[in-house]
Amino acid sequence: MKEQQSIKPPRWSYRFLTFFCKEEFLEEISGDLEEIYQVNCQTHGKRRANWRYAWNVLRFFKWSNIKKTTRFNSNIVTMTRNNFKIAARVLWRQKVNTLLNVTGISIGIACFLLISLYVKREVSFDKFHEKGDRIYRTWTLEDYGGDQQFFYTNSPLPLEKALEDNIPDIEMAVQYNRNNFLVGEEGARINEPIAIASPEFFEMFSFPIVNGNQEKPLADRTSIVISEAYATKYFGSKMPIGEPISVQINGENRVFNVSAIMQDLPKNTGFSFDMMISNKNDDILYRKEALQAWFNVSPETFVLIRENSTLAATEEKLPAMVKTALGDRVEEGEYTLGLQPLTDIHLNPEFPLGNMPVGNPKYVYVLGAIGLLVLLIACINYTTLSMGQSMKRAKEVGVRKVVGAQKSGLVWQYLSESVLITFIAMVIGLVVAYLLLPLFNNLANTDLVMPFDFESLWVYLVMALGIGLATGAYPALVLSSLKLTNVLRGGSSSMGGKNVLRKSLLVFQLLLTVFLISSTLIMKKQLNFIQNEDLGFNRDAMVSVVLYPAPEAQGLGDNFTSGFKNGQLLKTKLESNPDVSDVAMGSHIFGANGWMKVGFNDNNDAFKQFNLLVVDPYYISSFGIQMKEGRDFDPALDLDKRESIILNQAAVDYFGLTDPIGKQLPGQDFGNNTIIGITEDFNFESLHSEVRPLVITQNDQTIFSGINDISINDSPTPKLVFKYTGTSLLEVKSILDKAWASTFPNEELRFDFVDEKLRLMYQDEARVNKIVGIATVLSVLIASIGLLGLTILIVNTKVKEIGIRKILGASPLKIFAMLFNDFSWQLIIAIVLSVPLTWYLMSNWLKDFAYQISIGADMFVLSAALAFGLTTLVISYHAIRAAKSNPVKALRAE
Amino acid sequence: MKGTYLGEFEELVLLTVGALYPEAYGVGIMDDIAKETGRSVNISAIHSALRRLDEKGFVTSEMGGPTNERGGRRKRIFELTAFGKKALDEVQEQRMSLYNRIPNISFGS
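If you're wondering where the values come from, they're calculated on a predicted model, not measured in any experiment. (Residues numbered from 1 in each chain as written. Chains lettered and ligands numbered in written order. Predicted model: local features only at pLDDT ≥ 70, side-chain atom pairs only at ≥ 80, totals over all residues.)

Engineer: Would you mind showing me how to read the overall build of chain B here?
Structural biologist: The secondary structure content of chain B amounts to 4 helices and 2 strands. When the elements of chain B are put in sequence order from the N terminus, they spell out α-α-α-β-β-α. Taken across its 109 residues, chain B has 26% of its residues classed as buried. (Helix = DSSP H or I, 4+ residues; strand = E, 2+ residues; numbered from the N terminus. Buried ≥ 20, exposed ≤ 12 C-beta atoms within 10 Å, placed from the backbone.)

Following this line, the structure appears as structure tokens:
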């Protein structure tokens, strides 16, 4: 018997039973179940018995057995239920008012939700890795004094091993790099970015492997991990594990075998790859010297710090490691290695860009603030409206008090009203946000999804409750503390004093709205300015095509020569088309930041840096770049091909050259070079920065021989540009396709419109402008709803007054003016107050641009006019109706 | 009279309660039904039926003594009431009278 007793039915199941079951039935039910359980244990074994027990418990889970608990049957619950019932009746009775309130708050909530989705995406970057709090990315600061400072988050190739070997605090180090390769068989090759990472990559980062080798997805050098999306792209419904994929590396076709399939990367990660190979292939990707070099930078290195260690303890050991690795090659303090938390990367623009995209934290905060502002406007709206309404309800309060209502009871009564309203608004807001999400994504160029999991439902619930309490608190307090005698004696005089607060809330709300209007206008103006600004070159209808250097080309110099040579073939084909003119080639084309930048020590041994552009002789004329002095390259002159260089004005100023034509670059080791011309400054990078010194050459070797530093962020693969003079832009593709297919039949054609690329440079700003624009439209809508509600209210309370005035001979215009007057003052105050606020915040925003508009008075005048126009429009309908109404109707009824 | 109608399953349970007197309780009834008719019934169905019968006044119940195999819990012992017995009799009678009216021809082929 004792032994039998020791077998107990599953606890969680029993607990559930005791949780839901009525006390009076519990004993017999649990007894019967226990008895059956014991029998089942004997005959079917414990496992089956457990299952059956759970199943039986579930079968008892029906209405007649469930506790109708008395726990909820208290006074509070009954009162709350009653409160909500009355609230629902009141809301139903004042249909217009309720409609306005619900609409206002719904819009506010929808707007807030959409913006918060965006903000949440931005701040949640790479926060989902299980070991994320222990992962850091290395950065390096080389400081040789003066201008010679290099700060980068890419790292040398030997760093990974050095860190793992020398620093016990580091559990593992992982390299991550991305490169473009031609993937596929001859004839159908696609240019794809492929990530190159250490085999432990998937141990450090939480990217789930769904199929294939889960333990060691990158086990050997021929392994390739692909995403689910790419599994479908390359293999369709076929099982891809073990299938070959050939990748062209340094001119040679290498075959990789799919070893694992990973889940498609989430949207909120800085990593971006659909294919990954092991960095064991580094020896075929890089030259031998690069594998050893400590000053060559390419991949990012991430480290995982041991659980029992700290960041400080690890960083402390870095200098010693640098010393052993570099030895005498650097002086103390010249080469610093540091660690940046993984989660910090996405929103910290103070660290230089590596492979991971970096957002502007300012924009994230600004947008978050704007989302909150719109919600705030909606809340204020409700508060002002319900305070206005409270005059009507003073009598109700009086009667309730006479019957014996407590103040706290009244407060809860009114709070339930606002909570009810916000809950309804929340549901509508969620639906609206859900429906508007595709539109929002389209406008703001994002790809957000709305979560509907358990957690977010809680958030929505709490949010609705919070907003309800916040908006209802003040009106509830005011209403409940009305003096009984004042109220019942009649006359709304008791409400007079409270108008100050109501009016200031309205002013505040209008202020925020006007602020949003003017900000949108100013941002729009700046963006228009940037996009239409004369950049110093002709960008209309210019098309750029990426050229292909021969696969065996090694190094930058070879790349240029071979690319230009291939470009020449394409050029001949294209030039036969009458719609194509001004064909030219160059290492960089406008519309991309990070042109090749080189450094050298000048004659005074000062370190100088400039951007380098390698071109063919037609580049400058094709883009219509103005020469300030000297001449452009002459295609007929061989000398120009060898040693002529052209500087921009900024370079002349930077090098401190006077009368530069015919002179040389101020460095020792450059090859023979002669400055033949100076161009006007043109903005070859984005307008966030001033024009930097630029040297244009046809012969890269003259420059390369004299430099000691180079950094490139925009691919220097040669590109061909031409001007399309035809009418249909669609035509461009077919012209190119034809020329391309006969020149490079095996390569993928990639081309862009230069003006489109230029526009994309300000994508971030354009997105913020769009989101702020949406927020503005919505807040204007909310404000209009609020004004409409207030007008109705005031007109209703002043029906008699208007009637008497009309009888005494007031014209409809006078009456309209009287009604309008009330609002116009508040609006004027709001507009005046908004000016300094807008000016301050917007000049801060404009500081990000090297070239900016001035915030003129015109912007404010425009937004004031807009605000006034809208207010008039909103007020008009009801005010005019009241002004025109027959006074007899107003006065007859008593 | 609505509410005192005896369903097929209820009738079965009620009969079993009578048959098992004085030891009729949930699991016992379930086992007996299984034995007699070969129907495997879930215990929760027995409980629901017993409760309905109780509401209609066909059975009464009281708690028995604690037992070991039930983890020390008591059984609820059910008993047929006079009203319940009468209901069973009526059903039986109706059945018999209808049964007796079946003419032999209906079996004809």
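Read on, since the account is not over.
Engineer: Would you explain the environment of A:Val303 in this entry?
Structural biologist: Residues and elements named next belong to chain A. Along the polypeptide, Val-303 turns up in strand β10 (residues 300–305). A C-alpha to C-alpha distance of 8.6 Å links Val-303 and Met-204, two positions 99 residues apart in sequence. Leave out the neighbours within four places in its chain, and Val-303 touches Tyr-136, Thr-138, Leu-163, Ile-170, Ala-173 and Leu-339. (Contact = placed C-beta atoms within 7 Å.)

Engineer: So what exactly am I meant to see when it comes to the UniProt feature "transmembrane region" (unreviewed entry) in chain A here?
Structural biologist: Residue and element names in this part refer to chain A. In the UniProt entry, the feature "transmembrane region" (unreviewed entry) is given for residues 99–119, 363–385, 414–437, 457–479, 500–523, 771–795, 815–839 and 859–880. Here residues 771–795 runs as 100% helix and 0% strand, with 36 Å between its end C-alpha atoms. Between the C-alpha atoms that bound residues 859–880 the distance is 31 Å, and the span itself is 100% helix and 0% strand. (UniProt positions renumbered as here; feature names shortened; annotations may be inferred.)

Engineer: I'm lost on the nonpolar core in this one. Help?
Structural biologist: Soluble globular proteins tend to pack their nonpolar side chains together in the buried interior. Residues and elements named next belong to chain A. Within the largest apolar cluster, 87 residues are counted, with the highest numbers of intra-cluster contacts made by Cys-111, Ile-115, Val-374, Ala-378, Ile-771 and Ala-775. Going through the elements one at a time, α6 (95–123), α13 (361–403), α14 (407–444), α15 (454–480), α17 (499–532), α25 (763–797), α27 (812–846) and α28 (857–884) are the ones with two or more residues in this core. Dropping the residues within four chain positions of it, Val-374 is found in contact with Gly-108, Cys-111, Phe-112, Ala-775, Leu-778 and Ser-779. The next biggest cluster of nonpolar side chains, apart from the first, holds 56 residues, and it includes Ala-584, Val-598, Val-615 and Phe-670. (Core = buried A, V, L, I, M, F, W, Y, C linked by C-beta atoms within 7 Å.)

Engineer: For this particular structure, what's the right way to read the environment of A:Pro451?
Structural biologist: All names here are of chain A. The topology assignment puts Pro-451 in the loop between α14 and α15. Here Pro-451 falls in the exposed class, since 12 other C-beta atoms lie within 10 Å of it. Spatially, the C-alpha atoms of Pro-451 and Tyr-434 are 9.8 Å apart, while their sequence positions differ by 17 residues.

Engineer: Help me out: how do you make sense of the pairing of β10(A) in this one?
Structural biologist: Across a regular strand the side chains alternate sides, sitting on one face of the sheet and then on the other. All names here are of chain A. Of all the 6 residues making up β10, 6 are buried; the element is thus mostly covered by neighbouring parts of the structure. Burial along β10 is two-sided: Glu-300, Phe-302 and Leu-304 facing one way and Thr-301, Val-303 and Ile-305 facing the other are all buried. In terms of strand pairing, strand β1 (residues 135–143) meets β10 through 3 bridges, oriented antiparallel. The residue of β10 that forms the bridge with Tyr-136 is Val-303. As paired strands, strand β3 (residues 170–183) and β10 are joined by 6 bridges and run antiparallel to one another. Across the sheet, the residue bridging to Tyr-176 is Glu-300, located in β10. (Pairing = 2+ DSSP bridges.)

Engineer: Please explain the interface of chain A and chain B as it appears in this structure.
Structural biologist: Often, the extent of an interface is quoted as the loss of accessible area on bringing the components together. Each partner contributes residues to the interface: chain A has 16 residues there, and chain B has 16 residues. Going through the elements one at a time, α3 (23–44) and α4 (46–60) of chain A are the ones with two or more residues in the side of chain A that touches chain B. Take the side of chain A that touches chain B: its biggest share by element is 11 residues, from α3(A). Residue composition of the side of chain A that touches chain B, by class: 5 nonpolar, 5 polar and 6 charged. (Nonpolar A, V, L, I, M, F, W, Y, C, P; charged D, E, K, R; others polar.)

Engineer: Any chance you could explain α27(A) here in plain terms?
Structural biologist: Each full turn of the α-helix corresponds to 3.6 residues, which orients residues three or four apart in the same direction. All names here are of chain A. The terminal C-alpha atoms of α27, which comprises 35 residues, lie 47 Å apart, in line with the 51 Å expected from a rise of 1.5 Å per residue. Along α27, the largest kink reaches about 35 degrees and is centred on Asn-821. Regarding α27, the residues found buried are Ile-815, Leu-819, Phe-823, Gln-826, Leu-827, Ala-830, Ile-831, Ser-834, Thr-838 and Met-842. (Expected span 1.5 Å × (residues − 1). Bend = angle between axes of the 7 residues up to and from the residue.)

Engineer: Is there a simple way to think about the sheet that holds strand β17 (residues 644–648) of chain A in this case?
Structural biologist: Within a sheet, adjacent strands bond to each other through the backbone by hydrogen bonds, running parallel or antiparallel. All names here are of chain A. One open sheet accounts for 7 strands, arranged β16-β18-β17-β19-β15-β14-β20; its pairing is mixed. The open sheet has two free edges, formed respectively by β16 (627–630) and β20 (709–711), since each of these has just one partner strand. Across the sheet, the mean angle separating the axes of adjacent strands is 30 degrees when strand polarity is ignored. As paired elements, β16 and strand β18 (residues 674–679) share 3 bridges and run antiparallel to each other. (Axes fitted to C-alpha atoms, helices over the stretch in contact; angles between N-to-C directions.)

Engineer: How should the packing of helix α1 (residues 8–20) of chain B against helix α3 (residues 43–56) of chain B be read in this particular structure?
Structural biologist: The relative placement of two packed helices is expressed as an angle between their axes plus a distance between the axes. Residues and elements named next belong to chain B. Look at α1 against α3: their axes get within 10 Å of each other, and the N-to-C directions meet at 85 degrees. By the criterion of interaxial angle, the relationship of α1 to α3 is roughly perpendicular. When α1 is examined against α3, the residues Phe-9, Glu-10, Val-13 and Leu-14 are found in contact with a partner set consisting of Ile-46, Ala-49, Leu-50, Arg-52 and Leu-53. For the contact of α1 with α3, a count of residues per class yields 7 nonpolar, no polar and 2 charged. (Parallel < 35°, antiparallel > 145°, perpendicular 65-115°, else oblique.)

Engineer: Can you help me understand the environment of A:Phe684 in this one?
Structural biologist: Residues and elements named next belong to chain A. Tracing the backbone through its elements, the reader meets Phe-684 in the loop between β18 and β19 (694–697). Taking the C-alpha atoms as reference, Phe-684 lies 7.8 Å from Leu-535; in sequence the two are 149 residues apart. Every residue in contact with Phe-684, bar those within four places of it in the chain, is listed here: Phe-590, Trp-595 and Leu-694.

Engineer: Is there a simple way to think about the sheet that holds strand β21 (residues 719–724) of chain A in this case?
Structural biologist: Residues and elements named next belong to chain A. If you trace the 4 strands from one edge of the open sheet to the other, you get β13-β21-β12-β22, paired in antiparallel fashion. One side of each edge strand has no neighbouring strand; the edge strands of this open sheet are β13 (580–586) and β22 (751–753). Across the sheet, the mean angle from the axis of one strand to that of its neighbour is 20 degrees, orientation sign disregarded. Pairing of β13 with β21, which is carried by 5 bridges, proceeds in the antiparallel orientation. Paired with Met-585 across the two strands is Leu-720, which belongs to β21.

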